Amino acid sequence: VQLQACGGGLVQAGGFLRLSCAASGNIFSINIMGWYRQAPGIQRELVAAIASRGTTNYTDSVKGRFTISRDNAKNTVYLQMNSLKPEDTAVYYCHARRLINDFHYWGQGTQVTVSS
């Protein structure tokens, strides 16, 4: 499974960005897709995840501001980020997980910078 992420950039506080992540390869084995982020000096954390049946999960700090969705026809997952805050600044990583054998796949990171 290969994950290609894009959509990061520089935005002012209160602005918005949309990240996308296209999956290719043995995508039928993937159960969960999502986004993690890592800021300098901070452990990588889960931002949002969506299961193949559509169940979503968000970290508390982004609830009400971020929305994760997936287009199964395009094998793509999106992260709509609204009302961005400087503390959202981080490198965002697309992630996919296969529950059988608990296998994890990672895309390349995309930088999101929110200026105050």
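None of these values were measured; they are calculated from a predicted model.

### Observations regarding the pattern of salt bridges
Using the criterion set out here, one finds five salt bridges in the structure. Put simply, D88 and R37 hold a salt bridge, and the shortest N to O gap is 3.0 Å. Highlighted residues: D88 in the loop between β8 (76-81) and β9 (90-98) and R37 in strand β4 (residues 32-38), separated in sequence by 51 residues. R37 matches D88 in its accessibility class, with the two residues each being buried. The residue D60 makes a salt bridge to K63 at a minimum N-O spacing of 3.0 Å. Judged by relative accessible area, which is 62%, D60 ranks as exposed.

### Topic: the pairing of strand β3 (residues 17-24)
Each regular strand displays side chains that alternate between the two surfaces of the sheet. In the sheet, strand β1 (residues 2-6) pairs with β3 via five bridges, with the strands oriented antiparallel. Paired with Q2 across the strands is S24, a residue of β3. Across six bridges, β3 lies against β8 in antiparallel orientation. Counterpart to A22 in the pairing with β8 is T76.

### Digging into the sheet that holds strand β6 (residues 56-58)
Spatially, β2-β10-β9-β4-β5-β6 is the arrangement adopted by the six strands of the open sheet, whose pairing is mixed. Each edge of the open sheet carries a strand with a single partner, namely β2 (9-12) and β6. Going across the sheet, the axis of each strand differs from the next one's by a mean of 25°, ignoring polarity. Strand direction decides the pairing type here: β4 and strand β5 (residues 45-51), joined by six bridges, are antiparallel. Paired with W35 across the two strands is A48, which belongs to β5.

What counts as what
- Residues numbered from 1 in each chain as written.
- Predicted model: local features only at pLDDT ≥ 70, side-chain atom pairs only at ≥ 80, totals over all residues.
- Heavy atoms only, no water.
- Salt bridge = Lys/Arg side-chain N within 4 Å of Asp/Glu carboxyl O.
- Helix = DSSP H or I, 4+ residues; strand = E, 2+ residues; numbered from the N terminus.
- Buried < 20%, exposed > 50% of the residue type's maximum accessible area, 1.4 Å probe, protein only.
- Pairing = 2+ DSSP bridges.
- Axes fitted to C-alpha atoms, helices over the stretch in contact; angles between N-to-C directions.

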